[in-house]
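Coordinate analysis (summary)
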Amino acid sequence: MTIPRGPAIMLALGLVLLLDVLRVFLPSLITLFGRAGETPPELMGLYAAAWFILPFLALLAKPRHALLGGAAALVLTRILLQAGVSQLYVASAGVTAGLVFLYGCAHTVPRRAVPIGVMGGLSLSLVVHLLLDGVDLVWRDGLVPWLAVLCVCAAFLSLLRPPVAEVDRAPALTWFLLGPAMLLTGVAATGWAKPEQSPTDLWQMLVGTGLLAAVLVMAVVQAARPPLSPVFDLMIGVLLVAFTVLFTLSAPYVAVLLIGWLGALLAGTARPDYPAGRRPGVAVLGGGLVFFVGLFVYYAAYDMNLGFPNGQILVAVAVLVAALSVITALVRHSPPPAGPIRLSWLPPAAAVLLVGLVTLGAPSAPPVRAKQGDTFTLIAYNIRMGYGLDGRLSLDKIGAWAAAQKPDVVLLSEVDRGWLLNGGHDDLARIARRLGMRYHFAPAADQVWGDALLTNLPVKQVHSHPLGSHDYPTGAQAQTVVLEVGGREVGIVNTHLQAPEGQAPEVAAIARALAAGRDADEAGHSAAGAGEQVRRPVVLAGDLNTRPTDPAMEVLKAAGLSDPLTAFGDPPTSPADAPKERIDHVLLTKGLTAVSAQAPRLPYSDHLPVLTTLRLTSVDQEG
């Protein structure tokens, strides 16, 4: 039952490099190839599928050549990505190279090394991702990230050995399940619901990222232990499916329980009494296709109506993993080897250390600061998941620019807090730390995608109102906030309209109700009459996907909202590289006037931000 350490570590490091490449490849499809909606999703799907199908050409090569050639190409692409060379195409080639490497591994890595290598690679990649605050080394400049990447690549290459002629290969099923395991682990590890307001309590961090880090370590331990009885595998399979169902129902922190059982199931499929598969290389490539199809369909649901909730994709994959694992346990030919299971002190100690590193480094909460006077500065910015025009992650640059403007209120659209498709990082937490601001998140498409307001001003009320879909699958909401400026109430409506023709009347009614003095949580349910007096000035801002001359804008103006940017040159905001139209707005009711307004030319998104300084005028707060 001895685990060959060299092949296991080689496989784990190869998976770390492949996942690094995937977290560049996937968002590059959206930001570079697709340009965030300009390219039909079918064409993006065909382009992405090609790089998962090309590895099947490895069937024509000897496993040794696939192993060594795929490893060398994977290292080369990873280094080129660190250098920022042709990001989209290098990452695409890296995906193919990584799958070819896995094809070679399927024929040459000993059976006992496979489960620990797979779970070790998945867990190491995700733990490092957590410790780096979601901003992987590939997005970081400087000597230290370069040295770290080169050390990983050198260690990986040093473990490559000419494969022996005969090896006790893992069953094809074990290799096939790598793809589904990557999908479940990748989505669940970062896609769990984050706290919607800061500061975050320590217990929430412990149950969230801290516990996740610990579970990843223990999942590796599960993968290293001898397989247990079929009853154990059946129980674990049922739990895997149950926790996946709960995860899709937005149950917080269930993701850690989902991931924790994968190691045990993989170990069960590689039991020594189960015969080796005849074509494990085909199996691992087939599992890669399951990963791609499952991922693409899961996230395509936010742009097209599939006719069923996209969470059913994850449930189906979990059922597949559980069913195949249990079937393998039931048809084994002899009982698993007996003997005590010895776990060293190292894995639990590593888990405790990771919990400490992830949670104790949390910054202190910014204090609430009352603002004197009658002016305040507001930024409205669609950040496109934090990716700039060059396709590189620009969260720190966005935060640095915004901080330099010394804003009082920042409104963000297209905030991603964990989609694997976009790299699995928390945009909001990262930008909030750079700004030194508290935040209020408003989920829209799902629990980790939506809009956010950041401010250190006193916030009296905050609420999110779902908007009608109007045949547009991507969810939209209107976040209503009541805050204080100079001791006076100001209402904020923060939204990103997806279907302006239908949603503009909804947000117009919400803004009118908030201006009439309704509470934030009531504004979406009790609209004010058109002639009712304005008791509280209101700002409606965000990416409205509406031009100043569109009918939807007339609906907003009829609700008492004015467009002050027309007096400041009517600056266009989209697209950011050659702006031609203004679809990002800051609209005002009676009681507010714009002192200044501009749309600075920044390359950190496909939109330009709207930066305004607003002044309170003479609205009677008492009515």
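This report concerns the structure included in the present document. Predicted model only: the values in this text are computed from it and were never measured.

Attention shifts here to the overall build of the protein chain. Each helix and strand counted, the protein chain has 19 helices and eleven strands in total. A compact globule built from 623 residues would reach a C-alpha radius of gyration of about 25 Å, and the protein chain, at 26 Å, matches this within 12%. The principal-axis extent of the C-alpha atoms belonging to the protein chain is close to 85 × 45 × 45 Å. Taking all 623 residues of the protein chain together, the buried fraction comes to 58%. Considering only residue pairs separated by 6 or more positions, the protein chain has 78% of its internal contacts joining residues 24 or more positions apart. Looking at the protein chain as shown, the accessible area adds up to about 23600 Å², and 62% of this sits on carbon and sulfur atoms. Mean positive and mean negative side-chain charge positions of the protein chain (42 and 43 charges, respectively) differ by 11 Å.

On to the sheet that holds strand 10 (residues 592-598). Read across the sheet, six strands follow the order 3-4-2-1-11-10 without closing on themselves; strand pairing throughout is mixed. Looking along the sheet, the strands with just one partner apiece sit at the ends: strand 3 (438-446) and strand 10. Put simply, the sheet's adjacent strands are angled 20° from each other on average, direction ignored. Contacting strand 2 (409-416), strand 3 and strand 4 (449-455), helix 17 (residues 427-435) crosses the sheet at an angle of about 155° to strand 2.

Okay, a nonpolar patch on the surface next. Residues Leu54, Leu57 and Leu60 make up a contiguous nonpolar surface patch of about 340 Å² in total accessible area. Inspection of the secondary structure assignment puts Leu57 in the loop between helix 2 (41-53) and helix 3 (63-82).

Throughout the structure, instances matching the rule amount to 16 salt bridges. Asp136 is the partner of Arg23 in a salt bridge, and the nearest nitrogen-oxygen pair spans 2.8 Å. Here Arg23, found in helix 1 (residues 5-33), pairs with Asp136, found in the loop between helix 5 (113-131) and helix 6 (143-158); they are 113 residues apart in sequence, far enough to count as distant. You can call Arg23 buried: its relative accessible area is 6%. Here Glu484 makes a salt bridge to Lys460, at a shortest N to O gap of 4.0 Å. With Glu484 in strand 6 (residues 477-485) and Lys460 in strand 5 (residues 459-466), the pair connects residues that are 24 residues apart, well separated along the chain. Looking at Glu484, the relative accessible area reads 26%, which means it is partly exposed. A relative accessible area of 46% means that Lys460 is categorised as partly exposed. Shared partners join several salt bridges into a network, and the residues in it are Asp20, Arg23, Arg78 and Asp136.

Side chains of nonpolar character tend, in soluble globular proteins, to be buried together. By size, the foremost hydrophobic cluster in this structure holds 138 residues, and its most contacted members are Phe25 and Trp175. If one sorts the elements of this core by residue count, helix 1 sits on top with 15 residues. Residue contacts for Phe25: discarding those within four places in its chain leaves Tyr47, Ala48, Trp51, Phe52, Ala91, Ser92 and Val95.

Further remarks concern the packing of aromatic side chains. In total, this model carries 14 aromatic pairs according to the counting rule given. For the ring pair Tyr381 and Trp401, a centre distance of 6.2 Å and an interplane angle of 75° mean the geometry is edge-to-face. Of this pair, Tyr381 sits in strand 1 (residues 375-382) while Trp401 is found in helix 16 (residues 395-404), placing the two residues 20 residues apart along the sequence. Side by side, Tyr381 and Trp401 carry an identical accessibility label, which is buried. One aromatic cluster is present, built from ring pairs that chain together Phe25, Phe52, Phe291, Phe292 and Phe296. Its guanidinium or amino end placed over the ring of Trp192, Lys194 lies 4.7 Å from that ring's centre, counting from NZ or CZ. Residue placement shows Arg417 over the ring face of Phe441; its charged tip is 5.0 Å from the ring centre.

On to the environment of Leu15. Tracing the chain through its elements places Leu15 in helix 1. Measuring from C-alpha to C-alpha, the distance between Leu15 and Gln503 comes to 44 Å, with 488 residues separating the pair along the chain. With near-sequence residues (within four places) excluded, Leu15 lies in contact with Leu102, Gly117, Val118, Gly121 and Leu178.

This part covers the packing of helix 5 against helix 12 (residues 262-269). Contact pair helix 5 / helix 12: the axes reach a minimum separation of 8 Å and the direction vectors enclose 155°. The angle between the axes of helix 5 and helix 12 places the two elements in the roughly antiparallel class. Along this stretch, helix 5 crosses helix 12, giving a crossing that reads as right-handed. Here Pro115, Val118 and Met119 of helix 5 lie close against helix 12, whose contacting residues are Leu262, Gly263, Leu266 and Ala267. By residue class, the composition of the contact of helix 5 with helix 12 is six nonpolar, one polar and no charged.

The subject of this paragraph is the side chain of Asn494. Tracing the backbone shows Asn494 in strand 7 (residues 488-495). A polar contact is formed between the side chain of Asn494 and the backbone oxygen of Ala452, at a distance of 3.1 Å. Residue contacts for Asn494: discarding those within four places in its chain leaves Leu411, Leu412, Asp451, Ala452, Leu453, Gln477, Ala478, Gln479 and Ala541.

With that out of the way, let us pick up the packing of helix 1 against helix 3. Running from amino to carboxyl end, helix 1 crosses helix 3 at an angle of 45°, the nearest separation of the two axes being 10 Å. For the element pair helix 1 / helix 3, the angle class is oblique. At the point where helix 1 passes helix 3, the crossing takes the left-handed sense. For the pair helix 1 and helix 3, contact is made by Met10, Gly14, Leu17, Leu18, Asp20, Val21 and Val24 and by Leu67, Leu74, Val75, Thr77, Arg78 and Leu81, respectively. A per-class count over the contact of helix 1 with helix 3 returns nine nonpolar, two polar and two charged.

A few words now on unusual backbone geometry. The linkage connecting Ser574 with the following residue, Pro575, adopts the cis geometry, with an omega of -10°. The phi dihedral of Ser86 is positive, around 40°, even though this residue is not glycine. Position of Ser86 relative to the elements: it lies in the loop between helix 3 and helix 4 (87-108). Here the phi dihedral of Met385 falls at roughly 60°; this positive angle occurs in a residue that is not glycine.

The subject of this paragraph is the pairing of strand 2. Burial of strand 2 is extensive: eight of the eight residues sit out of reach of the surface. As judged from the five bridges shared by strand 1 and strand 2, these two strands associate in the parallel manner. Pairing of Ile379 across the sheet is with Val410, part of strand 2. Once you follow strand 1 into helix 16 and on to strand 2, the crossover reads as right-handed. Both strand 2 and strand 4 contribute to a ladder of six bridges, which runs antiparallel.

By secondary structure assignment, the location of Ser413 is in strand 2. With sequence-adjacent residues up to four places away left out, Ser413 is seen in contact with Tyr381, Asn382, Ile383, Arg384, Gly450, Asp451, Thr495, His496, Gly542 and Asp543.

So, how was this worked out
Residues numbered from 1 in each chain as written. Predicted model: local features only at pLDDT ≥ 70, side-chain atom pairs only at ≥ 80, totals over all residues. Heavy atoms only, no water. Helix = DSSP H or I, 4+ residues; strand = E, 2+ residues; numbered from the N terminus. Rg over C-alpha atoms; globule rule 2.2 N^0.38 Å. Buried < 20%, exposed > 50% of the residue type's maximum accessible area, 1.4 Å probe, protein only. Contact = heavy atoms within 4.5 Å. Areas by Shrake-Rupley, 256 points an atom, 1.4 Å probe, with all protein chains shown as cover. Lys, Arg positive; Asp, Glu negative; His and termini not counted. Charge placed at Lys NZ, Arg CZ, Asp CG, Glu CD. Pairing = 2+ DSSP bridges. Axes fitted to C-alpha atoms, helices over the stretch in contact; angles between N-to-C directions. Patch = residues over 30% accessible without salt bridge, like charges linked within 9 Å, V, L, I, M, F, W, Y side chains within 5 Å. Salt bridge = Lys/Arg side-chain N within 4 Å of Asp/Glu carboxyl O. Core = buried A, V, L, I, M, F, W, Y, C linked by side-chain atoms within 4.5 Å. Phe/Tyr/Trp six-rings, centres within 6.5 Å; stacked < 30°, edge-to-face > 60°. Lys NZ or Arg CZ within 6 Å of the ring centre and 35° of its normal. Parallel < 35°, antiparallel > 145°, perpendicular 65-115°, else oblique. Left-handed = near helix turned anticlockwise from the far one by under 90°. Nonpolar A, V, L, I, M, F, W, Y, C, P; charged D, E, K, R; others polar. Polar contact = N/O pair within 3.5 Å; in protein donor to acceptor, adjacent residues only side chain to side chain. Right-handed = clockwise from strand over helix to strand, strands pointing away.

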